[in-house]
Amino acid sequence: MRKFYTEEIIPKKSPVLVHYQEGSTKGTFAYTHMHKYIEMLYCTDGNFTIILDEQTHTFEKGDFVVINSMENHTIYSTDEKGGGYICLRVLPEILYFPNELDFDYKYITPFLLSSFQRKRVFKRDEIKNSGIKEEMENVLYEDTNRNFGYELALKSHASKIML
């Protein structure tokens with residue numbers, strides 16, 4: 001039986017959350033859960049399976065994954081040596097301004113609708129010149145060092161990744 005976690009159990013700390021998820025063995029990296037955050041993963045090592053609303057996808061080193069807001073997801077390492085990925089979670093509200101012009105809302109809407117069908121996993125070759133790898137490394141650096149203004153830097157990097 002899968003465990004389900006909701007945002008009520010995962011406390012809201014910030015509109016942008018970053019961490020490096022790693023492990024040294026095969027198995028579950030993230031039990032089934034959902035939250036308001038749009039979640040983005042950049043794999044730095046290993047091979048993984050992710051289940052997104054009961055659809056199975058694989059990703060490996062150099063691949064990028066996007067998970068909709070309020071979408072059930074579970075992540076397993078399929079590599080005997082485990083692996084790791086950078087995890088960036090962004091509240092949708094920071095990527096658009098609802099009281100302003102609505103032109104930016106059309107870009108964020110697909111990430112708010114779990115039923116919206118779109119590409120989930122972007123393979124290394126597809127994103128090699130996109131800057132995603134560097135931006136994901138930048139968010140991890142900013143969150144780790146937390147220099148003055150790092151919150152604005154995180155929001156800026158997250159916006160670039162979404163673009």
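For the structure, see preceding data.
I will try to describe carefully the structure that is included in this document. (Residues numbered from 1 in each chain as written. Predicted model: local features only at pLDDT ≥ 70, side-chain atom pairs only at ≥ 80, totals over all residues. Heavy atoms only, no water.)

Let's talk about the nonpolar core
Okay, step 1: One finds Met40, Phe64, Leu88, Met136, Val139 and Ile161 to be the most contacted residues of the largest nonpolar core, which totals 19 residues.
Okay, step 2: Those elements that place two or more of their residues in this core are strand S1 (16–23), strand S3 (38–52), strand S5 (64–67), strand S7 (83–90), helix H3 (132–145) and helix H4 (150–162). (Core = buried A, V, L, I, M, F, W, Y, C linked by side-chain atoms within 4.5 Å. Buried < 20%, exposed > 50% of the residue type's maximum accessible area, 1.4 Å probe, protein only. Helix = DSSP H or I, 4+ residues; strand = E, 2+ residues; numbered from the N terminus.)

A short note on the pattern of salt bridges
Opposite charge on two side chains allows them to pair when their charged atoms are near.
Okay, step 1: What the rule picks out here adds up to 7 salt bridges.
Okay, step 2: Here Lys123 makes a salt bridge to Asp63, at a shortest N to O gap of 3.1 Å. Here the residue Lys123 occupies a position in the loop between strand S8 (121–122) and helix H2 (124–127), and Asp63 occupies one in the loop between strand S4 (55–60) and S5, the gap between them amounting to 60 residues.
Okay, step 3: Its salt-bridge partner being Glu137, residue Lys133 comes within 3.0 Å of it at the nearest N-O pair. One end of the pair is Lys133 and the other is Glu137, both in helix H3 and 4 residues apart, which spans about a single turn.
Okay, step 4: You can call Glu137 partly exposed: its relative accessible area is 36%. (Salt bridge = Lys/Arg side-chain N within 4 Å of Asp/Glu carboxyl O.)

A short note on H3
In an α-helix, one full turn covers 3.6 residues, which means residues spaced three or four apart are oriented alike.
Okay, step 1: Given a rise of 1.5 Å per residue, 14 residues ought to cover 20 Å, and the 20 Å separating the end C-alpha atoms of H3 matches this to within 8%.
Okay, step 2: Packing partners of the buried residues in H3 comprise S1, S3, S5, S7, H2 and H4.
Okay, step 3: Where H3 ends, the next residue or the one after it, Arg146, has phi of about 50°, a positive value. (Expected span 1.5 Å × (residues − 1). Contact = heavy atoms within 4.5 Å.)

Brief notes about the side chain of Glu71
Okay, step 1: Among the secondary structure elements, Glu71 is positioned in the loop between S5 and strand S6 (73–77).
Okay, step 2: In this structure the side chain of Glu71 is engaged in a polar contact, spanning 2.9 Å, whose partner is the backbone nitrogen of Asn68. (Polar contact = N/O pair within 3.5 Å; in protein donor to acceptor, adjacent residues only side chain to side chain.)

So, H4
Okay, step 1: For H4, spanning 13 residues, the distance from its first C-alpha to its last is 18 Å, which sits close to the expected 18 Å at 1.5 Å a residue.
Okay, step 2: Listing the buried residues of H4 in full gives Tyr150, Ala153, Leu154, His157, Ala158 and Ile161. When H4 is viewed along its axis, its buried side chains cluster within an angular range of 135° and face the same direction.
Okay, step 3: Residues of H4 that are buried make contact with S1, S3, S5, S7 and H3. (Arc of directions from axis to C-beta.)

Some words on the packing of H3 against H4
Okay, step 1: Between H3 and H4, the least distance of the axes is 9 Å, while the angle of their chain directions is 165°. In terms of orientation, H3 and H4 fall into the roughly antiparallel class. Two packed elements cross with a definite hand, and for H3 against H4 that hand is left-handed. Here Glu135, Met136, Asn138, Val139, Glu142 and Asp143 of H3 come into contact with H4, specifically with Tyr150, Ala153, Leu154, His157, Lys160 and Ile161.
Okay, step 2: Class assignment for the residues of the contact of H3 with H4 results in 6 nonpolar, 2 polar and 4 charged. (Axes fitted to C-alpha atoms, helices over the stretch in contact; angles between N-to-C directions. Parallel < 35°, antiparallel > 145°, perpendicular 65-115°, else oblique. Left-handed = near helix turned anticlockwise from the far one by under 90°. Nonpolar A, V, L, I, M, F, W, Y, C, P; charged D, E, K, R; others polar.)

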